[in-house]
Amino acid sequence: MERDIIFAGNWKMNKVIKEALDLVNGLKRELLDIEGCKIVIAPPYTALTCINDVLLDTDIALSAQNMFGEDSGAYTGEISPAMLKDTGCEYAIIGHSERRKYFKENEEIINSKIKLALANELRAIFCIGETLSEREENKTMDIIQTQLLGGLKDISSQDMSNVIVAYEPVWAIGTGMNATPAQAEEVHAFIRGKLTELYGVETAESTTILYGGSVKSENIEELMSEIDIDGALVGGASLTIAHFSEIVKKGLNTKLQRR
Ligand code: 13P
């Protein structure tokens, strides 16, 4: 089975509703005819419902940037998976490094959120990645292994069809300094190897592994040339119509040529 190619835009804490609608209408125009990959956008919570209306007649899918790890209850200010489903979300980003850093999300929290997302029929975009000091101390693979195994604890092989792994080296996020294709491929291949140990070849080969961290139209082709890079999770460059649509088009072309 050929794994999905996915290009996802994580808008982070950007775009009020009017700006969000302008962006999504532009993306819709540019990306309407694209076939052969999944396109996912993750706007802020406040724009989800009205963006969903715009996307109803398209294949572009909606994602949340986070979700709370309980089904309902007295959790002032939080958003449940059912609420996200209600807005039209098909995906939720879980364990983003900004959540790990600013909101102290650890492996346990992330693992329970992934399970809850899956139980609510949301596909999880599960983020992992090392910091610069961890890389410099040659701890990258240890960190990746800990985060991967911790996040996927008790997740079945069957459930893995709804998990997308995103490798986002923290030092590459928002810095303009992307991992080189070789650096990214080394980690992606390591992740696929661990998934093979955990779930067997078939599941590992059909799991989509995205790269994220300073992806731009100028570097997407070389990244997508790597065998284990199946798409991108894009931050800053997903905020403009021209940049994100060029990333999707160039990245998809490169991957299709290689298959
Ligand atoms: P940038 O593309 O802005 O580096 O952000 C990457 C990211 O964090 C996507 O989730």
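Here's what I pulled together on the structure shown here. If you're wondering where the values come from, they're calculated on a predicted model, not measured in any experiment. (Residues numbered from 1 in each chain as written. Predicted model: local features only at pLDDT ≥ 70, side-chain atom pairs only at ≥ 80, totals over all residues. Heavy atoms only, no water.)

## Digging into the site of the ligand
Rules: Throughout this document, a residue counts as near a molecule or strand when at least one of its heavy atoms sits within 4 Å of that molecule or strand. Whenever a nitrogen or oxygen atom comes within 3.5 Å of another N or O atom, the pair is scored as a polar contact, on the condition that within protein one atom can donate a hydrogen and the other can accept it, and that pairs from neighbouring residues in sequence are kept only if both atoms are in side chains. Surface accessibility follows the Shrake-Rupley procedure with a 1.4 Å probe radius. Residue values consider only the protein chains on display as shielding. Amino acids outside the nonpolar list (Ala, Val, Leu, Ile, Met, Phe, Trp, Tyr, Cys, Pro) and the charged list (Asp, Glu, Lys, Arg) are all regarded as polar, and Gly is one of them.
Every one of the 13 residues lining the ligand counts as a neighbour, but Lys12, His96, Gly174, Ser214 and Gly236 are closest to it. A distance of 2.7 Å separates an oxygen atom of the ligand from a polar backbone atom of Gly174. Within the backbone of Ser214, a nitrogen or oxygen atom sits 2.8 Å from an oxygen atom of the ligand. Protein contact buries 95% of the 310 Å² of open area that the ligand shows by itself. Within the shell around the ligand, the residues separate by chemical class into four nonpolar, seven polar and two charged.

## Some points on the nonpolar core
The line we're drawing: To form a nonpolar core, buried Ala, Val, Leu, Ile, Met, Phe, Trp, Tyr and Cys residues must be joined to one another through side-chain atoms within 4.5 Å. Between buried and exposed lies partly exposed: a residue is buried under 20% and exposed over 50% of the maximum accessible area for its type, with that area taken using a 1.4 Å probe on protein chains only. Contact criterion: two residues are considered in contact whenever any of their non-hydrogen atoms come within 4.5 Å of each other.
Phe7, Ile41 and Ile191 are the most contacted members of the largest nonpolar core, which has 64 residues in total. Discounting residues that sit within four places of it in the chain, Ile41 has contacts with Gly9, Trp11, Val24, Leu27, Ile51, Leu55, Ile60, Ala61, Leu62, Ser63 and Phe244. If you look at the next biggest cluster of nonpolar residues, it comprises 13 residues, including Ala8, Ala61, Ile125 and Leu233.

## Some words on the sheet that holds strand E2 (residues 38–42)
Applied cut-off: Note on pairing: DSSP must find at least two bridges between two strands before they are called paired. Helix and strand assignments follow DSSP, with helices taken as H or I runs no shorter than four residues and strands as E runs no shorter than two, numbered in order from the N terminus. Each axis is a line fitted through C-alpha atoms, and for a helix only the stretch in contact is used; angles between axes span 0 to 180 degrees, taken between their N-to-C directions.
Pairing within the closed barrel is parallel, and its eight strands lie in the order E1-E2-E3-E4-E5-E6-E7-E8. Pairwise comparison of adjacent strand axes, ignoring direction, gives a mean angle of 25 degrees for this sheet. Of the pairings in the sheet, the one linking strand E1 (residues 6–10) to strand E8 (residues 231–234) comprises four bridges and is parallel in character. When the bridges of E8 are listed, Ala8 appears paired with Leu233. Its contacts with the sheet put helix H8 (residues 181–199) on strand E5 (123–128), strand E6 (163–167) and strand E7 (209–212), and the angle it makes with E7 is roughly 150 degrees. Packing of helix H11 (residues 241–258) onto the sheet brings it into contact with E1, E2 and E8, and relative to E1 it is tilted by some 160 degrees.

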